[in-house]
Amino acid sequence: YDYERTTPMLLLLLLFVGAILVLGRWRVVGALAGLAVSLLVLVQFTLPALLDGSNAILVALVSASVIAFVALYLAHGYHPATTVALLSTFAALVVTGLLSALFVNAARFTGYTDDATQFLDALQVPIDPRGILLAGIVIGSLGVLDDVTVTQVSAVWELRRNRPDLPTPDLVRSALRIGRDHISSTVNTLFLAYAGAALPLLLLFSEAGRGIGDIATRELVAVEIVRALVGSVGLVSAVPISTWLAARVLPPVEPAAPATGAGPAS
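Residues numbered from 1 in each chain as written. Predicted model: local features only at pLDDT ≥ 70, side-chain atom pairs only at ≥ 80, totals over all residues. Heavy atoms only, no water.

### Brief notes about the environment of Thr96
By the secondary structure assignment, Thr96 is in helix 4 (residues 80-106). With relative accessibility at 0%, the residue Thr96 sits in the buried group. Distance in space between the C-alpha atoms of Thr96 and Leu134 is 9.7 Å, their sequence separation being 38 residues. Sequence-distant contacts of Thr96, that is, excluding residues within four places in its chain, are made with Ser141, Leu145, Val230 and Gly234. (Helix = DSSP H or I, 4+ residues; strand = E, 2+ residues; numbered from the N terminus. Buried < 20%, exposed > 50% of the residue type's maximum accessible area, 1.4 Å probe, protein only. Contact = heavy atoms within 4.5 Å.)

The following block contains the structure:
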């Protein structure tokens with residue numbers, strides 16, 4: 001019924017694992033284990049819960065929280081900075097989930113934006129298409145959120161270690177400057193990712209001679225716009241949350257004392 005693709009996909013998988021092992025050595029083994037756990041959670045919990053008709057936003061928040069908990073500790077180890085990044089990720093996920101629920105309902109999305117959802121409905125699977133849309137937004141934003149929170153907490157940690165005498169307000173301002181640079185590139189990446197995924201659809205509307213306003217408000221495109229904007233607001237919220245929490249929680253780190261040795265006896 002289709003082409004056999006096992007060999008090229010396995011080769012690409014080996015290339016992926018080999019590339020990150022060469023760069024990160026054994027430290028990335030934990031990240032790979034976190035990736036495996038993420039797939040396990042999605043397959044064993046998220047998908048069955050959604051197919052059973054459970055509350056999609058709660059399922060998404062629980063799934064994302066478990067994935068973040070396991071992935072962060074496996075990748076970065078049990079460390080106060082990891083715990084702060086995890087708590088910041090939880091808070092930003094809640095912000096993203098609330099905004100998603102608010103604007104998906106305000107925009108009156110139906111959730112029937114692809115063939116798979118319509119097939120599930122035709123098979124009388126008890127799903128909530130709008131809820132599935134919400135779950136996708138929350139879970140999809142997790143990967144970028146933990147990147148932002150880990151980076152911000154690491155920035156605060158390094159600033160604290162190098163300048164243990166720096167007052168907390170100055171520490172927060174310095175870390176926020178780093179966060180602004182990071183978030184500007186991350187938001188652009190997020191928009192380009194969604195635009196790339198919707199590129200065939202945009203081409204179809206353009207070929208049909210539709211105006212930009214008509215294209216943007218069609219549900220197929222409007223869903224991606226709302227997804228990108230909500231995800232971006234969640235990312236922006238993660239920066240001050242993680243910065244403030246790290247500055248308040250992480251203790252001052254004393255710089256390492258220079259090594260001293262005994263001089264030659266006279």
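### Side note on a nonpolar patch on the surface
A cluster of nonpolar residues, Leu10, Leu13, Phe16, Leu35 and Leu39, forms a patch on the protein surface that exposes about 470 Å² of accessible area. Of all elements in the fold, only helix 1 (6-24) and helix 2 (29-51) reach the threshold of two or more residues within the nonpolar patch. Here the element with the most residues in the nonpolar patch is helix 1; it accounts for three residues. Of note, Leu39 is situated in helix 2. (Patch = residues over 30% accessible without salt bridge, like charges linked within 9 Å, V, L, I, M, F, W, Y side chains within 5 Å. Areas by Shrake-Rupley, 256 points an atom, 1.4 Å probe, with all protein chains shown as cover. Salt bridge = Lys/Arg side-chain N within 4 Å of Asp/Glu carboxyl O.)

### Quick notes on the layout of surface pockets
Think of a ball as big as a water molecule: rolled over the atoms, this probe shows where empty space is left. Its boundaries defined by the atoms lining it, the largest pocket holds a volume of some 490 Å³. Lining the largest pocket are 22 residues, with Ala31, Leu35, Ala71, Ala75 and Asp146 sitting closest to its centre. Of all the secondary structure elements, the ones that give two or more residues to the lining of the largest pocket are helix 1, helix 2, helix 3 (56-76) and helix 6 (129-162). Looking at the lining of the largest pocket, the element that brings in the most residues is helix 6, giving seven residues. Its residues assigned to classes, the lining of the largest pocket shows 14 nonpolar, five polar and three charged. (1 Å grid on protein atoms, 1.4 Å probe; cavity = no way out; pocket = protein on both sides within 12 Å on 5 of 7 lines; lining within 4 Å. Points joined across faces, edges and corners; volume = space filled by probe spheres on them. Nonpolar A, V, L, I, M, F, W, Y, C, P; charged D, E, K, R; others polar.)

### Focus: helix 6
For helix 6, spanning 34 residues, the distance from its first C-alpha to its last is 50 Å, which sits close to the expected 50 Å at 1.5 Å a residue. At Leu142, helix 6 is bent by approximately 35 degrees, the largest bend along its length. (Expected span 1.5 Å × (residues − 1). Bend = angle between axes of the 7 residues up to and from the residue.)

### Focus: the packing of aromatic side chains
By the definition in use, this model includes two aromatic pairs. Seen from their ring centres, Phe69 and Tyr73 are 5.1 Å apart, and the 70 degrees between their planes marks the pair as edge-to-face. Taken together, the positions of Phe69 and Tyr73, both in helix 3 and four residues apart, correspond to about one turn of that helix. Among the aromatic residues, those joined into a ring-pair cluster are Phe69, Tyr73 and Tyr78. (Phe/Tyr/Trp six-rings, centres within 6.5 Å; stacked < 30°, edge-to-face > 60°.)

### A few points about the pattern of salt bridges
Applying the stated criterion across every chain, the model contains three salt bridges. Here Arg161 and Glu158 are joined by a salt bridge, their closest N and O atoms 2.6 Å apart. You can see Arg161 and its partner Glu158 sitting in helix 6, three residues apart, about one turn around the helix.

### Focus: unusual backbone geometry
With the exception of glycine, most residues fall at negative phi, and the peptide bonds are largely trans. One non-glycine residue, Arg108, lies in positive phi territory at about 60 degrees. Position of Arg108 relative to the elements: it lies in the loop between helix 4 and helix 5 (115-122).

In short, geometric facts, not functional conclusions.
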